[in-house]
Amino acid sequence: MNPAPPLPDDLLAVLKRMRLPYLRAAAPEVLATAKAQRWDPTEVLKVLLDEEVHGRDEATKAMRRKTAGLPAGKTFSSWREQDSSIPAPTQQALSTLEWVQRAENLAVSGPSGTGKTHFVEALAHAVIDAGMRVSWFTLETLTAAIGRAAVDGSITKTITKITRAELIVVDDIGMLPSGQAAAEAFYRLVDAAYERRSVVVTSNLHPSGFDTIMPKTLATAAVDRLLHHAHVVITEGTSLRLQEATAGRGVMPLT
């Protein structure tokens, strides 16, 4: 099959000036096909504009994945629904993302290795695919971000930037000791997002137990806001990572 003829230089220049890179890339093949199949001009225009819109959407999603700070690239394509202790109807209901559109929160708690982070990251990827934004933190990285902002007096600006995302995740609360600074950072975030954005937390502790790892007053205030409009999911069982390792599925066999 012969390659499609290139676009004339003057047309390329116009498309570059109009910043239509995806239309420009698709145009030679589309125009060649349109000529051979005698497409209506409106169909040609529609196909070319669809290519530009699709390309821009995909570029936006890629940019949002990069800036979100997602940890491992785990999506629902690698999620094993049947192996999770989360009830299937709950998984399906959460995957519709209707709760994100209603600015409701999600708390997932349970033992280490029971799929909390994987499930939440898969939800985060789905949120980005749906055209929304995600901010992902551990409690430690959130505390560091707020701490840096405190130094130059930009806490409000930093919180505002974080809460532009429709979904904000604070992962693995309780894995490390938390002091006053962490409690303050967590409270500031939950308070700013309250009834405006969806906050997701994962922890080996139920949120009602956060006062055992944070100063009680701040923990109580943050959890009160977090759970007011929240879905609480409890995972159970032994570590899926440990099961895979024990069964020899943790690494590829050496050859």
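Residues numbered from 1 in each chain as written. Predicted model: local features only at pLDDT ≥ 70, side-chain atom pairs only at ≥ 80, totals over all residues. Heavy atoms only, no water.

Caption draft 1: Spatial organisation of the overall build of the protein. Secondary structure assignment for the protein yields eleven helices and five strands. Here the C-alpha atoms of the protein give a radius of gyration of 24 Å, more than 25% beyond the 18 Å that 2.2 N^0.38 yields for 255 residues. With respect to the three principal axes, the spread of C-alpha positions in the protein is 70 × 55 × 40 Å. Evaluated residue by residue, the protein yields a buried proportion of 40% over its 255 residues. Here the protein has roughly 14600 Å² of accessible surface; of this, 56% comes from carbon and sulfur atoms. Here the protein contributes 28 positively and 28 negatively charged side chains, and the mean placements of these two sets differ by 6 Å. (Helix = DSSP H or I, 4+ residues; strand = E, 2+ residues; numbered from the N terminus. Rg over C-alpha atoms; globule rule 2.2 N^0.38 Å. Buried < 20%, exposed > 50% of the residue type's maximum accessible area, 1.4 Å probe, protein only. Areas by Shrake-Rupley, 256 points an atom, 1.4 Å probe, with all protein chains shown as cover. Lys, Arg positive; Asp, Glu negative; His and termini not counted. Charge placed at Lys NZ, Arg CZ, Asp CG, Glu CD.)

Caption draft 2: Geometry of helix α3 (residues 41-68). For α3, which comprises 28 residues, the first-to-last C-alpha distance of 41 Å matches the rise-based estimate of 40 Å (1.5 Å per residue) to within 8%. Every buried residue of α3 is listed here: V44, V47, L48, E52, G55, K61 and A68. (Expected span 1.5 Å × (residues − 1).)

Caption draft 3: Structural context of helix α2 (residues 21-37). Taking 1.5 Å of rise per residue, the 17 residues of α2 would be expected to cover 24 Å, and the 25 Å separating its terminal C-alpha atoms lies within 8% of that figure. At A27, α2 shows its maximal kink, close to 50°; a proline, P28, follows between one and four residues later. Two residues or fewer after α2 comes R38, characterised by a positive phi angle close to 55°. (Bend = angle between axes of the 7 residues up to and from the residue.)

Caption draft 4: A look at the packing of aromatic side chains. On inspection of all chains with the given rule, the structure shows three aromatic pairs. Ring geometry for F76 against F119: centres 5.9 Å apart, planes inclined by 70°, an arrangement best described as edge-to-face. Taken together, the residues span a long stretch of sequence, with F76 in the loop between α3 and α4 (88-95) and F119 in helix α6 (residues 116-129) at a distance of 43 residues. Since its relative accessible area comes to 0%, F119 is described here as buried. Judged by centre distance (6.0 Å) and plane angle (70°), the ring pair of F186 and F210 falls under edge-to-face. Residue F186 is found in helix α9 (residues 180-193), and its partner F210 is found in the loop between β4 (198-203) and α10 (216-228); the two are separated by 24 residues along the sequence. The rings of F76, W79 and F119 are connected pair by pair, giving a single aromatic cluster. (Phe/Tyr/Trp six-rings, centres within 6.5 Å; stacked < 30°, edge-to-face > 60°.)

Caption draft 5: Expanded view of the domain arrangement of the protein. Each assigned domain of the protein is listed here: domain 1 (9-67) and domain 2 (69-244). Between the C-alpha centres of domain 1 and domain 2 the distance comes to 38 Å. Listed as interface residues are five residues of domain 1 and, on the opposing side, eight residues of domain 2. Where domain 1 abuts domain 2, roughly 630 Å² becomes buried across the two surfaces, and 42% of that area is made up of carbon and sulfur atoms. (Domains from an automatic or database assignment. Contact = heavy atoms within 4.5 Å. Buried area = accessible area lost by both parts, 1.4 Å probe.)

Caption draft 6: A look at the packing of α2 against α3. Between α2 and α3, the least distance of the axes is 9 Å, while the angle of their chain directions is 150°. Relative to α3, α2 is oriented so that their crossing is right-handed. Seen from α2, the contacting residues are P21, Y22, L23, A26, A27, V30, L31 and A34; seen from α3, they are V44, V47, L48, L49, E51, E52, G55, R56 and A59. (Axes fitted to C-alpha atoms, helices over the stretch in contact; angles between N-to-C directions. Left-handed = near helix turned anticlockwise from the far one by under 90°.)

Caption draft 7: Summary view of the nonpolar core. If you look at the biggest cluster of nonpolar residues, it comprises 30 residues, and the most contacted ones within it are L142, V170, I173, F186, V201 and M214. A per-element tally of this core places α9 first, with seven residues. Aside from chain neighbours lying at most four places away, what touches L142 is F137, I162, V170, A185, F186 and L189. The next biggest cluster of nonpolar side chains, apart from the first, holds 24 residues, and it includes I128, M132, V169 and V200. (Core = buried A, V, L, I, M, F, W, Y, C linked by side-chain atoms within 4.5 Å.)

Caption draft 8: Looking closely at the environment of G153. With respect to the helices and strands, G153 occurs in the loop between α7 (139-152) and α8 (155-162). Each C-alpha atom, one on G153 and one on G179, is 21 Å from the other, the two residues being 26 residues apart in sequence.

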